[in-house]
Amino acid sequence: MRIGVGLLGFGTVGSGVYRLVELRKQNMRDKMGCDVFVKKVLIRDPKKTRAVPLNDSLFTTIADDILSDDGVNLVVEAIGGVYPAREYVEKAIKSGKDVVTANKELIAKHGRELLQLAKSYGVDLRYEATVAGAIPVIRQVRRFKITDEIDYIGGILNGTCNYILTQMELNKWDYGTALKEAQRLGYAESDPSYDVQGYDSLFKLMILIREVFDIDMDVKDIEVEGIAGISKKDVEKAKARGQRIKLYAWAKKNGDEINAGVKPEFFPVNSLFGQVNGVENAVVIKGDGFGQQFFVGYGAGQMPTGDAVLSDIVDILGKYERTAKG
Ligand code: NAP
Ligand code: HSE
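The rules behind these values
Residues numbered from 1 in each chain as written. Chains lettered and ligands numbered in written order. Predicted model: local features only at pLDDT ≥ 70, side-chain atom pairs only at ≥ 80, totals over all residues. Heavy atoms only, no water. Salt bridge = Lys/Arg side-chain N within 4 Å of Asp/Glu carboxyl O. Helix = DSSP H or I, 4+ residues; strand = E, 2+ residues; numbered from the N terminus. Near = heavy atom within 4 Å. Polar contact = N/O pair within 3.5 Å; in protein donor to acceptor, adjacent residues only side chain to side chain. Areas by Shrake-Rupley, 256 points an atom, 1.4 Å probe, with all protein chains shown as cover. Nonpolar A, V, L, I, M, F, W, Y, C, P; charged D, E, K, R; others polar. Expected span 1.5 Å × (residues − 1). Bend = angle between axes of the 7 residues up to and from the residue. Buried < 20%, exposed > 50% of the residue type's maximum accessible area, 1.4 Å probe, protein only. Contact = heavy atoms within 4.5 Å.

(A) Representation of the pattern of salt bridges in the model. Evaluated as defined, the whole model comprises 26 salt bridges. Notably, a salt bridge pairs Asp312 with Arg139, separated by 3.1 Å at the nearest N-O pair. Placement of the pair is Asp312 in helix α11 (residues 302-325) and Arg139 in helix α5 (residues 137-147), with a sequence separation of 173 residues. Across the pair Arg142 and Glu211 runs a salt bridge, and its minimum N-O distance is 2.8 Å. Placement of the pair is Arg142 in helix α5 and Glu211 in helix α9 (residues 199-213), with a sequence separation of 69 residues.

(B) Focus on the site of ligand 1. Taken together, 24 residues lie near ligand 1, and Asp45, Lys48, Arg50, Glu189 and Gly301 sit nearest. A distance of 3.1 Å is found between an oxygen atom of ligand 1 and a backbone nitrogen or oxygen belonging to Gly11. Arg50 places a polar side-chain atom, nitrogen or oxygen, 2.6 Å from an oxygen atom of ligand 1. Protein contact buries 87% of the 910 Å² of open area that ligand 1 shows by itself. The residue makeup of the shell around ligand 1, split by class, is ten nonpolar, eight polar and six charged.

(C) A look at helix α4 (residues 104-121). In a regular helix each residue adds 1.5 Å, so 18 residues correspond to 26 Å; α4 covers only 22 Å between its end C-alpha atoms and thus falls short of that length. Where α4 bends most, the angle comes to about 80°, and this point is His110. For α4, the set of buried residues is Lys104, Glu105, Leu106, Ile107, Ala108, His110, Gly111, Leu114, Leu117 and Ala118. Here the buried face of α4 lies against β4 (74-77), α3 (85-94), β5 (98-101), β6 (125-126), α8 (193-196) and α9. For α4, the N-terminal cap is Asn103; the gap from its side-chain oxygen to the backbone nitrogen of Glu105 is 3.3 Å. Following α4 by one or two positions, Gly122 adopts a phi angle in the positive range, close to 65°.

In C-alpha coordinates:
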(Lines give C-alpha, C1' and ligand atoms only; values in the text may rest on other atoms or scores of the structure.)
(Ligands and ions follow the chains in the order given, each with its own letter.)
Protein backbone atom coordinates (compact mmCIF):
# COMPACT_ATOMS: atom_id res chain seq x y z
CA MET A 1 0.00 0.00 0.00
CA ARG A 2 1.27 3.49 -0.85
CA ILE A 3 1.36 5.94 2.11
CA GLY A 4 1.82 9.57 1.15
CA VAL A 5 3.37 11.74 3.86
CA GLY A 6 2.89 15.51 3.98
CA LEU A 7 5.62 17.32 5.91
CA LEU A 8 4.70 20.61 7.55
CA GLY A 9 8.11 22.20 8.08
CA PHE A 10 11.55 21.33 6.73
CA GLY A 11 13.82 22.64 9.49
CA THR A 12 15.82 20.44 11.87
CA VAL A 13 12.97 18.00 12.51
CA GLY A 14 11.20 18.01 9.14
CA SER A 15 14.43 17.44 7.21
CA GLY A 16 15.41 14.66 9.65
CA VAL A 17 12.09 12.92 9.06
CA TYR A 18 12.62 13.21 5.29
CA ARG A 19 16.13 11.74 5.54
CA LEU A 20 14.93 8.85 7.68
CA VAL A 21 11.93 8.06 5.44
CA GLU A 22 14.38 7.86 2.52
CA LEU A 23 16.84 5.74 4.51
CA ARG A 24 14.24 3.30 5.90
CA LYS A 25 11.70 3.08 3.07
CA GLN A 26 12.95 -0.35 2.01
CA ASN A 27 12.56 -1.63 5.60
CA MET A 28 9.00 -0.33 5.74
CA ARG A 29 8.23 -1.93 2.38
CA ASP A 30 9.81 -5.29 3.33
CA LYS A 31 8.61 -5.52 6.92
CA MET A 32 5.23 -3.74 6.77
CA GLY A 33 4.19 -3.89 3.14
CA CYS A 34 3.90 -0.09 3.05
CA ASP A 35 5.42 2.08 0.37
CA VAL A 36 6.02 5.29 2.36
CA PHE A 37 7.01 8.41 0.41
CA VAL A 38 7.11 12.15 1.11
CA LYS A 39 4.53 13.72 -1.20
CA LYS A 40 4.79 17.41 -0.33
CA VAL A 41 6.70 19.67 2.07
CA LEU A 42 5.38 22.93 3.50
CA ILE A 43 7.91 25.70 4.08
CA ARG A 44 7.68 29.42 4.72
CA ASP A 45 10.63 30.78 2.75
CA PRO A 46 11.22 29.25 -0.70
CA LYS A 47 14.44 31.26 -1.12
CA LYS A 48 16.21 29.67 1.86
CA THR A 49 19.22 27.44 1.17
CA ARG A 50 18.44 23.96 2.50
CA ALA A 51 21.05 21.80 4.22
CA VAL A 52 19.17 18.68 3.12
CA PRO A 53 18.68 18.72 -0.66
CA LEU A 54 15.16 18.17 -1.96
CA ASN A 55 13.60 18.41 -5.39
CA ASP A 56 12.03 21.89 -5.68
CA SER A 57 8.78 20.40 -6.99
CA LEU A 58 8.12 18.87 -3.54
CA PHE A 59 8.08 22.25 -1.77
CA THR A 60 4.98 24.35 -1.29
CA THR A 61 4.17 27.46 0.73
CA ILE A 62 0.43 26.66 0.68
CA ALA A 63 -0.69 24.40 3.52
CA ASP A 64 -3.79 23.27 1.63
CA ASP A 65 -1.61 21.65 -1.03
CA ILE A 66 -1.02 19.06 1.71
CA LEU A 67 -4.10 19.28 3.90
CA SER A 68 -6.57 18.96 0.99
CA ASP A 69 -4.61 16.36 -0.96
CA ASP A 70 -6.33 12.95 -0.87
CA GLY A 71 -3.00 11.36 -1.75
CA VAL A 72 -1.58 12.46 1.63
CA ASN A 73 -2.51 9.84 4.24
CA LEU A 74 -0.32 11.09 7.06
CA VAL A 75 0.76 14.58 8.08
CA VAL A 76 3.92 15.28 10.09
CA GLU A 77 3.74 18.65 11.83
CA ALA A 78 7.19 20.12 12.51
CA ILE A 79 6.52 23.86 12.32
CA GLY A 80 6.34 24.64 16.02
CA GLY A 81 4.24 27.08 18.08
CA VAL A 82 0.48 27.11 18.40
CA TYR A 83 -0.42 29.30 15.43
CA PRO A 84 -0.87 28.18 12.65
CA ALA A 85 0.17 24.63 13.66
CA ARG A 86 -3.05 24.03 15.60
CA GLU A 87 -5.26 24.93 12.62
CA TYR A 88 -3.22 22.76 10.30
CA VAL A 89 -3.36 19.77 12.65
CA GLU A 90 -7.13 20.19 13.11
CA LYS A 91 -7.65 20.43 9.36
CA ALA A 92 -5.52 17.34 8.72
CA ILE A 93 -7.53 15.38 11.30
CA LYS A 94 -10.84 16.56 9.87
CA SER A 95 -9.63 15.51 6.40
CA GLY A 96 -9.16 11.96 7.74
CA LYS A 97 -5.36 12.08 7.88
CA ASP A 98 -3.27 10.59 10.67
CA VAL A 99 -1.00 13.15 12.35
CA VAL A 100 2.41 12.90 13.98
CA THR A 101 3.75 16.03 15.64
CA ALA A 102 6.97 17.06 17.39
CA ASN A 103 5.37 20.24 18.72
CA LYS A 104 5.41 20.25 22.54
CA GLU A 105 3.83 23.65 23.01
CA LEU A 106 0.85 22.58 20.90
CA ILE A 107 0.41 19.23 22.66
CA ALA A 108 1.02 20.69 26.15
CA LYS A 109 -1.63 23.38 25.65
CA HIS A 110 -4.14 21.63 23.35
CA GLY A 111 -3.27 17.94 23.43
CA ARG A 112 -6.45 16.74 25.11
CA GLU A 113 -8.85 18.43 22.69
CA LEU A 114 -6.75 17.37 19.68
CA LEU A 115 -6.76 13.76 20.89
CA GLN A 116 -10.54 13.92 21.27
CA LEU A 117 -10.87 15.39 17.78
CA ALA A 118 -8.65 12.66 16.33
CA LYS A 119 -10.70 10.01 18.11
CA SER A 120 -13.96 11.43 16.76
CA TYR A 121 -12.55 11.33 13.18
CA GLY A 122 -11.10 7.83 13.64
CA VAL A 123 -7.51 8.89 12.97
CA ASP A 124 -4.29 8.66 14.97
CA LEU A 125 -2.52 11.59 16.64
CA ARG A 126 0.94 10.72 17.95
CA TYR A 127 3.68 12.81 19.55
CA GLU A 128 6.54 10.69 20.92
CA ALA A 129 9.05 13.30 19.68
CA THR A 130 7.56 16.00 21.90
CA VAL A 131 9.23 14.68 25.09
CA ALA A 132 12.88 13.75 25.65
CA GLY A 133 13.89 13.39 22.00
CA ALA A 134 14.67 9.82 21.03
CA ILE A 135 13.74 8.31 24.43
CA PRO A 136 10.44 6.41 23.93
CA VAL A 137 9.03 7.72 27.21
CA ILE A 138 5.41 8.27 26.16
CA ARG A 139 5.14 4.75 24.81
CA GLN A 140 6.68 3.36 28.03
CA VAL A 141 4.49 5.43 30.34
CA ARG A 142 1.35 4.26 28.50
CA ARG A 143 2.38 0.66 29.12
CA PHE A 144 3.25 1.31 32.79
CA LYS A 145 -0.14 2.96 33.27
CA ILE A 146 -1.79 -0.39 32.60
CA THR A 147 0.54 -2.55 34.63
CA ASP A 148 1.52 -0.21 37.50
CA GLU A 149 0.64 2.77 39.65
CA ILE A 150 3.09 5.57 38.85
CA ASP A 151 3.63 8.21 41.53
CA TYR A 152 6.70 10.12 40.30
CA ILE A 153 8.30 11.17 37.05
CA GLY A 154 11.29 13.43 36.66
CA GLY A 155 14.06 14.18 34.27
CA ILE A 156 16.45 16.28 32.30
CA LEU A 157 14.12 17.18 29.46
CA ASN A 158 15.94 19.93 27.57
CA GLY A 159 18.93 19.06 25.39
CA THR A 160 19.96 22.67 24.79
CA CYS A 161 20.27 23.49 28.50
CA ASN A 162 22.13 20.29 29.27
CA TYR A 163 24.48 20.93 26.34
CA ILE A 164 25.17 24.49 27.54
CA LEU A 165 25.82 23.43 31.16
CA THR A 166 28.10 20.61 30.03
CA GLN A 167 30.13 22.84 27.71
CA MET A 168 30.47 25.46 30.46
CA GLU A 169 31.89 22.83 32.80
CA LEU A 170 33.94 20.49 30.59
CA ASN A 171 35.19 22.91 27.92
CA LYS A 172 35.05 26.13 29.99
CA TRP A 173 32.90 27.82 27.33
CA ASP A 174 30.95 30.87 28.30
CA TYR A 175 27.17 30.69 28.27
CA GLY A 176 26.74 32.71 25.03
CA THR A 177 29.18 30.60 23.01
CA ALA A 178 27.53 27.38 24.20
CA LEU A 179 24.06 28.66 23.33
CA LYS A 180 25.17 29.73 19.85
CA GLU A 181 26.62 26.29 19.21
CA ALA A 182 23.43 24.60 20.45
CA GLN A 183 21.53 26.74 17.92
CA ARG A 184 23.95 25.86 15.12
CA LEU A 185 23.54 22.16 15.89
CA GLY A 186 19.74 22.45 15.64
CA TYR A 187 19.08 21.69 19.33
CA ALA A 188 17.53 25.01 20.35
CA GLU A 189 14.00 26.25 19.73
CA SER A 190 13.58 28.98 17.10
CA ASP A 191 13.23 31.31 20.10
CA PRO A 192 15.92 29.88 22.44
CA SER A 193 14.51 31.74 25.44
CA TYR A 194 11.97 28.87 25.57
CA ASP A 195 14.89 26.53 26.27
CA VAL A 196 16.98 28.58 28.68
CA GLN A 197 14.06 30.02 30.66
CA GLY A 198 12.66 26.54 31.24
CA TYR A 199 9.44 26.76 29.20
CA ASP A 200 10.40 23.97 26.81
CA SER A 201 10.94 21.68 29.83
CA LEU A 202 7.65 22.91 31.26
CA PHE A 203 5.71 21.96 28.08
CA LYS A 204 7.30 18.51 28.11
CA LEU A 205 6.47 18.11 31.80
CA MET A 206 2.84 19.12 31.16
CA ILE A 207 2.60 16.42 28.49
CA LEU A 208 4.08 13.83 30.85
CA ILE A 209 1.71 14.86 33.65
CA ARG A 210 -1.26 14.36 31.32
CA GLU A 211 0.08 11.01 30.15
CA VAL A 212 0.98 9.73 33.62
CA PHE A 213 -1.67 11.24 35.90
CA ASP A 214 -4.42 12.07 33.39
CA ILE A 215 -4.48 15.66 34.66
CA ASP A 216 -4.15 18.88 32.68
CA MET A 217 -1.98 21.37 34.53
CA ASP A 218 -1.83 24.97 33.44
CA VAL A 219 1.42 26.75 32.61
CA LYS A 220 0.91 29.09 35.57
CA ASP A 221 0.36 26.21 38.07
CA ILE A 222 3.95 25.01 37.76
CA GLU A 223 6.91 26.96 39.08
CA VAL A 224 9.58 27.40 36.43
CA GLU A 225 13.16 28.53 36.70
CA GLY A 226 15.58 28.17 33.80
CA ILE A 227 19.36 28.31 33.46
CA ALA A 228 19.71 31.86 32.13
CA GLY A 229 20.98 33.05 35.52
CA ILE A 230 23.67 30.37 35.89
CA SER A 231 27.23 31.58 35.44
CA LYS A 232 30.46 29.72 34.73
CA LYS A 233 31.37 30.46 38.35
CA ASP A 234 28.26 28.62 39.60
CA VAL A 235 29.16 25.62 37.44
CA GLU A 236 32.77 25.67 38.70
CA LYS A 237 31.70 25.98 42.36
CA ALA A 238 29.40 22.98 41.93
CA LYS A 239 32.22 21.02 40.30
CA ALA A 240 34.55 21.79 43.23
CA ARG A 241 31.92 20.20 45.51
CA GLY A 242 31.70 17.11 43.24
CA GLN A 243 28.36 18.22 41.78
CA ARG A 244 26.83 19.13 38.42
CA ILE A 245 23.98 21.50 37.75
CA LYS A 246 21.13 20.11 35.63
CA LEU A 247 17.81 21.64 34.63
CA TYR A 248 15.41 19.19 36.25
CA ALA A 249 11.66 18.82 35.72
CA TRP A 250 9.59 16.66 38.04
CA ALA A 251 6.02 15.78 39.04
CA LYS A 252 4.89 13.85 42.12
CA LYS A 253 1.51 12.54 43.10
CA ASN A 254 0.48 13.22 46.71
CA GLY A 255 -3.03 11.82 47.22
CA ASP A 256 -5.25 13.68 44.76
CA GLU A 257 -2.69 16.46 44.31
CA ILE A 258 0.13 16.77 41.81
CA ASN A 259 3.17 18.82 42.79
CA ALA A 260 5.49 19.75 39.96
CA GLY A 261 8.33 22.07 39.07
CA VAL A 262 11.17 22.93 36.72
CA LYS A 263 14.43 24.22 38.18
CA PRO A 264 18.22 23.85 38.19
CA GLU A 265 19.28 21.16 40.69
CA PHE A 266 22.64 19.87 41.93
CA PHE A 267 23.47 16.20 41.31
CA PRO A 268 26.60 14.35 42.46
CA VAL A 269 28.92 13.94 39.45
CA ASN A 270 28.80 10.16 39.79
CA SER A 271 25.03 9.87 40.15
CA LEU A 272 22.80 8.70 37.28
CA PHE A 273 21.67 12.24 36.45
CA GLY A 274 25.17 13.64 37.07
CA GLN A 275 26.44 11.42 34.26
CA VAL A 276 23.91 12.70 31.70
CA ASN A 277 25.93 15.12 29.61
CA GLY A 278 25.75 17.19 26.44
CA VAL A 279 22.53 16.96 24.45
CA GLU A 280 21.42 13.86 26.35
CA ASN A 281 18.15 13.73 28.26
CA ALA A 282 17.17 11.30 31.01
CA VAL A 283 13.93 10.30 32.67
CA VAL A 284 13.22 8.46 35.91
CA ILE A 285 9.81 6.87 36.50
CA LYS A 286 8.74 5.40 39.84
CA GLY A 287 5.91 2.92 40.21
CA ASP A 288 4.62 0.34 42.67
CA GLY A 289 5.36 -2.75 40.54
CA PHE A 290 8.62 -2.03 38.72
CA GLY A 291 10.06 0.24 41.43
CA GLN A 292 12.24 2.67 39.53
CA GLN A 293 13.38 2.84 35.92
CA PHE A 294 15.85 5.20 34.33
CA PHE A 295 15.98 6.07 30.62
CA VAL A 296 18.71 7.99 28.86
CA GLY A 297 19.23 9.10 25.24
CA TYR A 298 19.69 12.02 22.88
CA GLY A 299 17.19 14.74 23.66
CA ALA A 300 17.35 16.95 20.57
CA GLY A 301 18.74 17.23 17.06
CA GLN A 302 17.83 16.19 13.55
CA MET A 303 18.26 12.42 13.58
CA PRO A 304 17.24 11.55 17.20
CA THR A 305 14.06 13.59 16.81
CA GLY A 306 13.44 12.33 13.28
CA ASP A 307 13.78 8.82 14.68
CA ALA A 308 11.11 9.47 17.33
CA VAL A 309 8.76 10.80 14.61
CA LEU A 310 9.48 7.79 12.41
CA SER A 311 8.70 5.46 15.32
CA ASP A 312 5.21 7.01 15.45
CA ILE A 313 4.84 6.69 11.68
CA VAL A 314 5.77 3.01 11.94
CA ASP A 315 3.19 2.48 14.72
CA ILE A 316 0.56 4.06 12.49
CA LEU A 317 1.62 1.85 9.56
CA GLY A 318 0.59 -1.14 11.69
CA LYS A 319 -2.99 -0.07 11.06
CA TYR A 320 -2.55 -0.18 7.27
CA GLU A 321 -0.66 -3.47 7.54
CA ARG A 322 -3.60 -5.03 9.43
CA THR A 323 -6.11 -3.59 6.92
CA ALA A 324 -4.10 -5.02 4.01
CA LYS A 325 -4.02 -8.44 5.72
CA GLY A 326 -7.76 -8.15 6.45
P1 NAP B 1 12.96 24.85 12.69
O2 NAP B 1 14.29 24.27 12.38
O3 NAP B 1 12.85 26.29 13.01
O4 NAP B 1 12.00 24.52 11.45
C5 NAP B 1 10.69 24.98 11.36
C6 NAP B 1 10.19 24.72 9.94
O7 NAP B 1 8.83 25.09 9.86
C8 NAP B 1 10.95 25.51 8.87
O9 NAP B 1 11.14 24.71 7.71
C10 NAP B 1 10.00 26.68 8.55
O11 NAP B 1 10.06 27.10 7.19
C12 NAP B 1 8.65 26.01 8.79
N13 NAP B 1 7.64 26.98 9.21
C14 NAP B 1 7.61 27.70 10.35
N15 NAP B 1 6.49 28.45 10.40
C16 NAP B 1 5.82 28.21 9.26
C17 NAP B 1 4.61 28.68 8.71
N18 NAP B 1 3.85 29.57 9.34
N19 NAP B 1 4.21 28.19 7.50
C20 NAP B 1 4.96 27.29 6.83
N21 NAP B 1 6.13 26.78 7.32
C22 NAP B 1 6.54 27.26 8.50
O23 NAP B 1 12.29 24.08 13.90
P24 NAP B 1 12.59 22.58 14.39
O25 NAP B 1 13.76 22.61 15.30
O26 NAP B 1 12.58 21.65 13.26
O27 NAP B 1 11.32 22.35 15.35
C28 NAP B 1 10.05 22.08 14.83
C29 NAP B 1 9.15 21.59 15.96
O30 NAP B 1 9.70 20.40 16.51
C31 NAP B 1 9.02 22.56 17.13
O32 NAP B 1 7.75 22.41 17.69
C33 NAP B 1 10.07 22.06 18.11
O34 NAP B 1 9.77 22.39 19.46
C35 NAP B 1 9.95 20.57 17.90
N36 NAP B 1 11.12 19.78 18.27
C37 NAP B 1 12.37 20.18 17.89
C38 NAP B 1 13.46 19.39 18.20
C39 NAP B 1 14.86 19.76 17.79
O40 NAP B 1 15.81 19.05 18.19
N41 NAP B 1 15.07 20.82 17.02
C42 NAP B 1 13.27 18.20 18.92
C43 NAP B 1 11.97 17.83 19.30
C44 NAP B 1 10.92 18.61 18.96
P45 NAP B 1 11.36 27.79 6.58
O46 NAP B 1 12.40 26.71 6.59
O47 NAP B 1 10.97 28.20 5.21
O48 NAP B 1 11.70 28.92 7.51
N1 HSE C 1 14.89 22.68 22.09
C2 HSE C 1 14.62 21.36 22.54
C3 HSE C 1 15.72 20.88 23.43
C4 HSE C 1 14.46 20.43 21.37
O5 HSE C 1 16.81 21.47 23.39
O6 HSE C 1 15.51 19.94 24.20
C7 HSE C 1 14.02 19.02 21.76
O8 HSE C 1 12.73 19.01 22.26
